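Here are the chains, one letter per residue:
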Amino acid sequence: MRSALANILCLMLLTSILLLPFFSKAQAEGDPTVNDIVSGVIDYYRNNKTTLDHWEELVALKNAGVDFQERRWDLPDWDGTDLVTDSPATAYAGYILGLMAIGQ
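In this text the structure is predicted, and so the values were computed from the model without any measurement.

**Details of the packing of helix H3 (residues 55-63) against helix H4 (residues 89-101)**
Contact geometry of H3 with H4 gives a least axis separation of 8 Å together with a crossing angle of 35°. Considering only the axes of H3 and H4, their crossing is left-handed. Residue-level contacts link Trp55, Leu58, Val59 and Lys62 of H3 to Gly94, Leu97, Gly98 and Ala101 of H4.

Pasting the structure below:
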């Protein structure tokens, strides 16, 4: 009885795995691709928000392929004076990641 139940469960699992590609949603014509969405976000920042205040913006845009050496970006002047000894560790991590993103 136990082996019959195990066999049935294995058969159901195998069947569902094999049929999974047929039930996946195909991309419809006109749906934006990931590259289209990333380009749209970059265009938004270029046209509407050239002053970047947060390290998250810097890291995300750098990974999206933005060159911060272009003069169009107003980057923060991070000299480390806003970090004090009792700043949380995440503040230091954000500072370091932001500097790495802008190439300093």
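Structure shown, so let's carry the discussion forward.
**Quick notes on the pattern of salt bridges**
Per the stated rule, a full pass over the model turns up 1 salt bridge. Among the ionic pairs, Glu57 bridges to Lys49, the shortest N-O distance being 2.9 Å. A relative accessible area of 24% means that Lys49 is categorised as partly exposed.

**Some words on H4**
Here H4 is 13 residues long and its end C-alpha atoms lie 18 Å apart, about the 18 Å a rise of 1.5 Å per residue gives. Gly103 lies just past H4 and shows a positive phi near 85°.

**Side note on the nonpolar core**
Within the largest apolar cluster, 12 residues are counted, these being Ile42, Tyr45, Leu52, Leu58, Leu61, Val66, Phe68, Trp73, Tyr95, Leu99, Ala101 and Ile102. Among all residues touching Val66, those that are not within four sequence positions of it are Ile42, Leu61 and Trp73.

**A word on the environment of Leu61**
In this fold, Leu61 is placed in helix H3. Spatially, the C-alpha atoms of Leu61 and Ala101 are 8.6 Å apart, while their sequence positions differ by 40 residues. Non-local contacts of Leu61, meaning those with residues more than four positions away in its chain, are made with Ile42, Tyr45, Leu52, Val66, Phe68 and Trp73.

**Quick word on the packing of aromatic side chains**
One pass over the full model with this rule turns up 1 aromatic pair. Residues Tyr44 and Tyr45 carry aromatic rings whose centres are separated by 5.6 Å and whose planes lie at 85° to one another, so their mutual orientation is edge-to-face.

About the cut-offs
- Residues numbered from 1 in each chain as written.
- Predicted model: local features only at pLDDT ≥ 70, side-chain atom pairs only at ≥ 80, totals over all residues.
- Heavy atoms only, no water.
- Axes fitted to C-alpha atoms, helices over the stretch in contact; angles between N-to-C directions.
- Helix = DSSP H or I, 4+ residues; strand = E, 2+ residues; numbered from the N terminus.
- Left-handed = near helix turned anticlockwise from the far one by under 90°.
- Contact = heavy atoms within 4.5 Å.
- Salt bridge = Lys/Arg side-chain N within 4 Å of Asp/Glu carboxyl O.
- Buried < 20%, exposed > 50% of the residue type's maximum accessible area, 1.4 Å probe, protein only.
- Expected span 1.5 Å × (residues − 1).
- Core = buried A, V, L, I, M, F, W, Y, C linked by side-chain atoms within 4.5 Å.
- Phe/Tyr/Trp six-rings, centres within 6.5 Å; stacked < 30°, edge-to-face > 60°.

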